[in-house]
Amino acid sequence: CFQLYGYCYQDSNDIPDTLTTITELGSPLEMIQLLQTSWEDRFRICLSLVRLLHYLAHSPLGSVTLLDFRPRQFVIVDGELKVTDLDDASIEESSCTSNSDCFMEFPARNFTLPCSVEGRCQSMNEKRNLYNAYRFFFTYLLPHSAPSSLRPLLDKIVNATGNHNKHVTVICTEYLALELSPIPSVNSEFTQKCVKSANTQYRRVPAAFIPDENYRCWPSYHHKGCLLSVFDVNEAIEICDSYSQCKAFVLTNQTTWTGRQLVFFKMASNHIVPDPDKITYVKVTD
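Scoring rules and cut-offs
Residues numbered from 1 in each chain as written. Predicted model: local features only at pLDDT ≥ 70, side-chain atom pairs only at ≥ 80, totals over all residues. Heavy atoms only, no water. Disulfide = S-S within 2.5 Å. Helix = DSSP H or I, 4+ residues; strand = E, 2+ residues; numbered from the N terminus. Buried < 20%, exposed > 50% of the residue type's maximum accessible area, 1.4 Å probe, protein only. Pairing = 2+ DSSP bridges. Contact = heavy atoms within 4.5 Å. Axes fitted to C-alpha atoms, helices over the stretch in contact; angles between N-to-C directions. Parallel < 35°, antiparallel > 145°, perpendicular 65-115°, else oblique. Nonpolar A, V, L, I, M, F, W, Y, C, P; charged D, E, K, R; others polar. pLDDT = per-residue confidence, 0-100. Core = buried A, V, L, I, M, F, W, Y, C linked by side-chain atoms within 4.5 Å. Expected span 1.5 Å × (residues − 1). Phe/Tyr/Trp six-rings, centres within 6.5 Å; stacked < 30°, edge-to-face > 60°.

## Considering the state of the cysteines
- In total, this model carries 4 disulfides according to the counting rule given.
- A sulfur-sulfur distance of 2.1 Å marks the disulfide that ties Cys102 to Cys121. Measuring the twist about the S-S bond at about -90°, one finds the Cys102-Cys121 disulfide to be left-handed. Separated by 19 residues along the polypeptide, Cys102 in the loop between strand S7 (89-90) and strand S8 (103-105) and Cys121 in the loop between strand S9 (110-112) and helix H3 (124-141) bring together distant segments of the chain.
- Disulfide pairing is shown between Cys217 and Cys226; the S-S distance is 2.0 Å. The sign of the S-S torsion, about 95°, decides the handedness of the disulfide formed by Cys217 and Cys226: right-handed.
- The exposure class assigned to Cys226 is buried, which follows from its relative accessible area of 0%.
- The connectivity of the disulfide-linked cysteines in the protein chain, indexed sequentially, is 1-3, 2-4, 5-6, 7-8.

What follows is the structure, encoded as structure tokens:
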């Protein structure tokens, strides 16, 4: 939730005991803009949402549901999703006498939850939050342009969330495991002078950079060039091979929040300059 910096009570002419709060500043959530960002940034937003869901399901007050669970109720703060409006939050689990009383209706599908012996719909607050997170966020932000190695796990998580097959705690655990997956490890191919792929061969040029020869790609961390994140040099080769205009790429010493390395992809290697913090790979032509 939003970070609360302070609050004060004051009387106004119209409303007595007025409460004023001072909170951190966030950016409005624009789904179209989010779809144009990198997969890692979108995954970070989903990960922060899962952590919020876990907190709501296990809060000190009990299970809390957000009755108005829509993107406009959230903002982005330092790349993470935070809820701003808790006016429609509720800790009341619906009462029931039979399972038919635990009917949840959504635009795309409906669910019926079990009625407990205590006369309460089991996990209704948690399930409502989880499905709303699925239909408003996960289904849009997670699968699109995800790393191929993670897609089977992503499909499993997204489908389980949409089908109510799992609880928030299990989903949170799987997300945390997924968070660790993109973290790169030392790859022996970084030490090789020449790297081969299935179709092409690349010459390794240490301490070198290509300042120009940019082309645009999507999604890119740089609006005037093609700057993407990779797990290792093999993924960089795979990406370069997939672009007909790519003739070289440059490994930087910068990483994303998940630890993936940022790489510039270039359409030529005519002008290479010294740079101790970068490594250039040039496609070898016959």
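So much for the structure itself; the text now carries on.
## Structural notes on the sheet that holds strand S5 (residues 74-77)
- Across the sheet, which stays open at both edges, the 3 strands sit in the order S3-S5-S6 with antiparallel pairing between neighbours. Every other strand in the sheet has two partners, leaving strand S3 (27-28) and strand S6 (80-83) as the edge strands with one partner each.
- Across 4 bridges, S5 lies against S6 in antiparallel orientation. Following the sheet pairing, Val75 is matched in S6 by Lys82.
- Strands S5 and S6 of the sheet are contacted by helix H2 (residues 39-57), whose axis makes an angle of about 40° with S6.

## A few points about the packing of H2 against H3
- Put simply, H2 and H3 touch, their axes get as near as 11 Å, and they point 180° apart. With respect to H3, the element H2 is oriented roughly antiparallel. Along its contact with H2, which presents Trp39, Arg42, Ile45, Cys46, Leu49, Val50, Leu53, Leu56 and Ala57, the element H3 presents Glu126, Asn129, Leu130, Ala133, Phe137, Phe138 and Leu141.
- Of the residues contributing to the contact of H2 with H3, the split by class is 13 nonpolar, 1 polar and 2 charged.

## Describing the confidence of the model for the protein chain
- Per-residue confidence for the protein chain gives a mean pLDDT of 80; residues scoring 70 or more make up 81%.
- In this model residues 182-197 is a low-confidence stretch, pLDDT under 50, and it forms 38 contacts with partners more than four residues away in sequence or in other chains.

## Quick word on the nonpolar core
- In this structure, Leu49, Phe69, Phe74, Phe137 and Phe138 are the most contacted members of the largest nonpolar core, which totals 33 residues.
- For this core, the elements supplying multiple residues, two or more each, are H2, S5, S6, H3, helix H4 (151-162) and helix H5 (168-180).
- Considering every element that reaches this core, the biggest residue donor is H2, with 10 residues.
- When sequence neighbours within four positions are dropped, the list of residues in contact with Phe137 reads Leu29, Met31, Leu49, Phe69, Pro71, Phe74, Leu81, Asn132 and Leu142.
- One finds Tyr215, Cys240, Val263 and Ile279 within the second-largest nonpolar core, a separate group that totals 18 residues.

## What to know about the side chain of Arg128
- As for its position among the elements, Arg128 is in helix H3.
- Aside from chain neighbours lying at most four places away, what touches Arg128 is Thr65, Leu67, Met104 and Phe106.

## A few points about H2
- When the terminal C-alpha atoms of H2 are compared, their 27 Å separation across 19 residues agrees well with the 27 Å that a helix rising 1.5 Å per residue should span.
- Most of H2 sits inside the fold, with 14 of its 19 residues counted as buried.

## Section: the packing of aromatic side chains
- What the rule picks out here adds up to 13 aromatic pairs.
- Measuring from centroid to centroid gives 5.4 Å for Tyr202 and Phe249, while their planes differ by 55°, and the two rings are tilted. You can see Tyr202 sitting in strand S11 (residues 201-209) and its partner Phe249 sitting in strand S13 (residues 248-255), a full 47 residues away along the chain. Here Tyr202 matches Phe249 in class, with each residue buried.
- Judged by centre distance (5.8 Å) and plane angle (50°), the rings of Tyr215 and Tyr243 are tilted. Of the two residues, Tyr215 is situated in the loop between S11 and strand S12 (226-230) and Tyr243 in the loop between helix H6 (233-242) and S13; the sequence distance between them amounts to 28 residues.
- Using a relative accessible area of 21% as the deciding quantity, one classes Tyr243 as partly exposed.
- Through successive ring pairs, a cluster of aromatic residues spans Phe106, Phe111, Tyr131 and Tyr134.

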